[in-house]
Amino acid sequence: MAGGGDELKLLGMWASPFALRAKLALSFKGLSYDYVEEDFKNKSELLLSSNPVHKKVPVLIHNGKPVCESQVIVQYIDEAFPDAGVPLLPSDPYDRAVARFWAAYIDDKLLKSWLQASMCKTEQEKAAAMKETFAAVGNLEAAFKECSKGKPFFGGDAVGYVDVTLGAMIGFVRVGEALHGMRLFDASRSPLLDAWLDRFAALDAAKAVLPDTGRLAEYAQMKQAEWAAAATN
Amino acid sequence: MAEEKELVLLDFWVSPFGQRCRIAMAEKGLEFEYREEDLGNKSDLLLRSNPVHRKIPVLLHAGRPVSESLVILQYLDDAFPGTPHLLPPANSGDADAAYARATARFWADYVDKKLYDCGSRLWRLKGEPQAAAGREMAEILRTLEAELGDREFFGGGGGGRLGFVDVALVPFTAWFYSYERCGGFSVEEVAPRLAAWARRCGRIDSVAKHLPSPEKVYDFVGVLKKKYGVE
């Protein structure tokens, strides 16, 4: 249980979807922690020594011991604090495998192709990457149907591992809508995910940590300009 | 157990990801049916079982498919709790066990993210890009060796030997010879303790039985190079 002797510190960056994922897990588990905002252009000694291999956020430091990689962090939080909140992973072995499969898919396919699309230089490349992204959305829509079994979340009645994993993308999904009028999960293409997003984002535990869309949109525009400038050099 | 006989692995002989699953089941003493897939002509069963990726390995347990090798390894731990575990069991609230699991997952993820990708570039590229990949691979092996430290195995395994990271990494030892030839370095020189670990693992039955010889892998790399027009 957190409190008493437990010291939790999260090294993150406000716009990072991966850091958001860790924050969501901590929030849904009702765990308190110290938050350290990292400047990517000037990474702290603590970050560099805690994650020497990747030098990236998020890093969760529990009683001085660092845990790295957002999905590893979420599973750690679930396992080290079993009495906090609800279990994020289901108890049935097969259901656990299904949840892990889709969590891996979200990062390996959906997020990867979407990030690629946002960094593409030509319209043609961007269209190809978006096509892949929408194919991944389609698969995830089917996954939601399979996992939720008619209930509100991937985890069923309560938020689970896949919900938290996908929840990390909410900020940028909303930015896409704000900047380009295009919602990654929309009512015609992926109605279940569209409804899920609003439902998830309305939860108190999510609202407490989701970044401000306006601020994130400015950040996204700034990054795009940076990438475009780098591409023409 | 009747349940065991219903384990089927859809696989491809040289796949390190498939070998992870074979070795894990062997370590756990689980009988399974091995089915070789022709990747140029994938079976209906494979395509139905893994429609999203259409890749091997796929483990079928009583007909239900599990895909992605690291997901399969964790599934085997969860579904067969009476067998030697790969990850330290998550005893309720034991933070040390949770930390050991997190560390193991981190390093297995590292193998997937770094080693496999760099290895592919090693045989696909030529000239300076290939040399650069060689240097990168040497660095990756040094990093893994640093994590191994003075230990015999990466640990956490219930049998006192192969744990999650050992099983995730050991299939790639069959590719070390190919990496050396393509990358112009020697694993023994760059990471002698890792090389010793590889030899140590090679003496374990489950590993010896399920890994191809380095020469066979190198022949396969030659086939790949021809196929992709890399000479």
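Within each chain, residues carry numbers counting from 1 in the order of the written sequence. Lettering for chains starts from A, numbering for ligands starts from 1, and both go in the order in which the items are written. Predicted model: local features are reported for residues with pLDDT of at least 70 only, side-chain atom pairs are reported and counted for 80 or more only, and whole-chain, interface and lining totals are derived from all residues. To obtain the side-chain values, all non-hydrogen atoms of the structure were included, while hydrogens and water were left out.

For chain B, an unreviewed UniProt entry supplies the name Glutathione S-transferase and the organism Oryza glumipatula. UniProt positions are given in the numbering used here, feature names are shortened, and annotations may be inferred rather than shown by experiment. A UniProt comment under Subcellular location (unreviewed entry) is attached to chain B, and it reads "Cytoplasm, Cytosol". Taken from UniProt, the Catalytic activity (unreviewed entry) comment for chain B reads in full: "RX + glutathione = an S-substituted glutathione + a halide anion + H(+)".

Looking at an unreviewed UniProt entry, one finds chain A named Glutathione S-transferase, with Oryza glumipatula as its source organism. Its UniProt record gives chain A a comment under Sequence similarities (unreviewed entry), which states: "Belongs to the GST superfamily. Tau family." In its Catalytic activity (unreviewed entry) section, the UniProt entry covering chain A states "RX + glutathione = an S-substituted glutathione + a halide anion + H(+)".

Examining the sheet that holds strand E2 (residues 34-37) of chain A
All names here are of chain A. Ordered by their spatial adjacency, four strands build an open sheet running E2-E1-E3-E4, and the pairing between neighbours is mixed. Whereas interior strands pair on both sides, the edge strands pair on one side only; in this sheet they are E2 and strand E4 (65-68). Across the sheet, the mean angle from the axis of one strand to that of its neighbour is 20°, orientation sign disregarded. Being paired, for any two strands, means DSSP has found at least two bridges between them. Numbering of helices and strands runs from the N terminus, with a helix taken as a DSSP run of H or I at least four residues long and a strand as a DSSP run of E at least two residues long. Strand direction decides the pairing type here: strand E1 (residues 8-12) and E2, joined by four bridges, are parallel. Across the sheet, Lys 9 pairs through a bridge with Asp 34, a residue of E2. Whenever a helix is involved, its axis is fitted only over the stretch in contact; in every case the axis is a line through C-alpha atoms, and angles between N-to-C directions fall within 0 to 180 degrees.

Re the sheet that holds strand E3 (residues 58-61) of chain B
Residues and elements named next belong to chain B. An order of E2-E1-E3-E4 is seen for the four strands of this open sheet, with the pairing classed as mixed. Because the sheet does not close on itself, it has two edges, and the strands there are strand E2 (33-36) and strand E4 (64-67). The mean angle between the axes of side-by-side strands here comes to 25°, regardless of whether they run parallel or antiparallel. Two elements, strand E1 (residues 7-11) and E2, share four bridges in a ladder whose sense is parallel. Directly across from Asp 11, in E2, lies its bridge partner Glu 36. The criterion used for residue contact is that any of the two residues' heavy atoms lie within 4.5 Å. Sitting on the sheet, helix H1 (residues 16-27) touches E1, E2 and E3, and the angle it makes with E1 is about 155°.

Structural notes on the pattern of salt bridges
What counts as a salt bridge is simple: a side-chain nitrogen of Lys or Arg found within 4 Å of a carboxyl oxygen of Asp or Glu. Here the structure, examined in full by the defined rule, presents 27 salt bridges over all chains. Glu79(A) is paired through a salt bridge with Arg105(B); the nearest N and O atoms lie 3.1 Å apart. Placement of Glu79(A) in helix H3 (residues 70-80) and of Arg105(B) in helix H4 (residues 95-124) is noted, with the two residues assigned to different chains. Burial classes follow relative accessibility: with a 1.4 Å probe on protein chains only, a residue under 20% of its type's maximum area counts as buried, one over 50% as exposed, and anything between as partly exposed. Owing to a relative accessible area of 6%, Arg105(B) belongs among the buried residues under this scheme.

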